[in-house]
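# Chains, contacts and geometry: an overview
The chain contents come next:
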Amino acid sequence: MLIAQISDMHIRAEGSLAYGRVETATFLARAVDHLRRLQPRPDLILATGDLADGGARDEYRRLRRLLEPLSAPVYLVAGNHDDRAALVSEFSDHRYLPRTGEFLQYTFDAGDLRVVVMDTVIPGKVGGEVCSERLGWLSARLGEARNRPTVVVMHHPPFETGIEFMDGYGFEGGEALGELIAKHPNVEAVLAGHLHRRISVRWRGTVVTTAPSTAHQVALTLAPGARGHFSLEPPACLLHLWRPGQGLVTHTSYIGTFVMHPFREERLAG
Ligand SMILES: [Fe+2]
Ligand SMILES: [Fe+2]
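Residues numbered from 1 in each chain as written. Chains lettered and ligands numbered in written order. Predicted model: local features only at pLDDT ≥ 70, side-chain atom pairs only at ≥ 80, totals over all residues. Heavy atoms only, no water.

Taken together, five strands build an open sheet; the order of strands is 3-2-1-14-15 and the sheet is mixed. If you trace the sheet from one side to the other, it starts and ends with strand 3 (74-77) and strand 15 (247-254), each paired once. For this sheet, the mean inter-axis angle between neighbouring strands, taken without regard to orientation, is 20 degrees. With four bridges connecting them, strand 2 (residues 44-48) and strand 3 associate as parallel partners. Paired with A47 across the strands is L76, a residue of strand 3. (Pairing = 2+ DSSP bridges. Helix = DSSP H or I, 4+ residues; strand = E, 2+ residues; numbered from the N terminus. Axes fitted to C-alpha atoms, helices over the stretch in contact; angles between N-to-C directions.)

Okay, structure coming up:
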């Protein structure tokens, strides 16, 4: 099972640039082309939030057109830039998206791996939250299959990264979420977005990893008090390789075509 994770595509309407600088649709088109060229092709694609930049219907329509060349199923996750109602309405054929209730939360099977998607959005805010209702939902889902290897997916990561200006937006309910996750050693990983770069940490008995953006990255500013910037570092996606008995192995796949050379001497390979 090969799961590709793309994140933070921030699609805007035609003729409009994110932050006045970034043509996010062109970047996503490159990412889609990249996913189509991968060998082997991913079995499914997780898109971990901030799908649209302003949550407008025409942004989701454009996103839909950009994703169309993908033959693998795409699972959409809401981020702080998204609008739940507009997202569901433009992707009404995505049957896994719930039609009732406030939150866009669902589960699906990826081979013998179970995927549980959480909604961490607080409308109108940048930071994330797992409130008691969402925590109750997750507790019930995890309780249904305590022995199945499970991946929890959400837009906001529940840990502090050291990038202060992003950490400052906060994550409510992280302690209770951590206590719940710690009771379920079958949670192989928590996969998140929002940080626009790959960051990993051991957390409450599992591993949390955030994904790069398909477009602009959050600049790596670890100095205390550093101002926030975005950076046009190489965009990337994550490839999660799941093999029973081996666990979830996560690779970074940079988007683009790069020169490759064979190793000259077999004995020096690697
Ligand atoms: Fe984002
Ligand atoms: Fe975000």
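Distances from the iron ion (ligand 1) to its protein donors, D8 (OD), H10 (NE2), D50 (OD) and H196 (NE2), fall at 2.1 to 2.2 Å. Geometry at the iron ion (ligand 1) is irregular, judged from its four donor atoms and the angles of 87 to 175 degrees they form at the metal. Here the donor residues of the iron ion (ligand 1) share one chain and are spaced in sequence as D-x1-H-x39-D-x145-H. Between the two metal centres, the iron ion (ligand 1) and the iron ion (ligand 2), the spacing is 3.5 Å, with D50 acting as a shared donor. Linking D8 in the loop between strand 1 (2-6) and helix 1 (24-37) with D50 in the loop between strand 2 and helix 2 (57-67), this pair joins segments that are 42 residues apart in sequence. (Donors = N, O, S within 2.8 Å, 3.2 Å for Na, K, Ca; no water. Tetrahedral: all angles 85-135°; square planar, octahedral: opposite > 155°, others 65-115°.)

For a metal bound by four donors in a tetrahedral arrangement, the ideal donor-metal-donor angle is 109.5 degrees, while six donors in an octahedral arrangement ideally sit at 90 or 180 degrees. Protein ligation of the iron ion (ligand 2) involves D50 (OD), N80 (OD1), H155 (NE2) and H194 (ND1), the donor distances falling in the range 2.1 to 2.2 Å. Classification of the site at the iron ion (ligand 2) as irregular follows from its four donor atoms and the range of 87 to 158 degrees in their angles at the metal. Mapped onto the polypeptide sequence, the residues donating to the iron ion (ligand 2) form the spacing pattern D-x29-N-x74-H-x38-H. The class for D50 is buried, based on a relative accessible area of 2%. (Buried < 20%, exposed > 50% of the residue type's maximum accessible area, 1.4 Å probe, protein only.)

Let us now look at the nonpolar core. Formed by 53 residues in total, the largest nonpolar core has its most connected members in I6, L28, L63, L67, L76, L87 and F108. For this core, the leading source of residues is helix 1, giving five residues. Sequence-distant contacts of L63, defined by excluding residues within four places in its chain, comprise M9, I11, L28, L51 and F91. Counting 23 residues, the second largest nonpolar core, distinct from the first, contains M118, V130, L135 and L195. (Core = buried A, V, L, I, M, F, W, Y, C linked by side-chain atoms within 4.5 Å. Contact = heavy atoms within 4.5 Å.)

Below, the discussion takes up the pattern of salt bridges. Under the criterion given, the structure shown has 16 salt bridges. Between R204 and E175 there is a salt bridge, with the nearest N and O atoms lying 2.9 Å from each other. Note that R204 is positioned in the loop between strand 10 (199-203) and strand 11 (206-210) and E175 in helix 6 (residues 174-182), a separation of 29 residues in sequence. With its nearest N and O atoms 3.0 Å apart, the salt bridge here joins R197 to E233. A residue pair is termed long-range when its members are at least 10 positions apart, and R197 in the loop between strand 9 (187-192) and strand 10 and E233 in the loop between strand 13 (230-231) and strand 14 (236-243) qualify at 36 residues. Its relative accessible area of 14% is what places R197 among the buried residues. E233 sits in the partly exposed class, given a relative accessible area of 30%. One network of salt bridges, with partners in common, ties together R84, E102, D119, E129 and R134. (Salt bridge = Lys/Arg side-chain N within 4 Å of Asp/Glu carboxyl O.)

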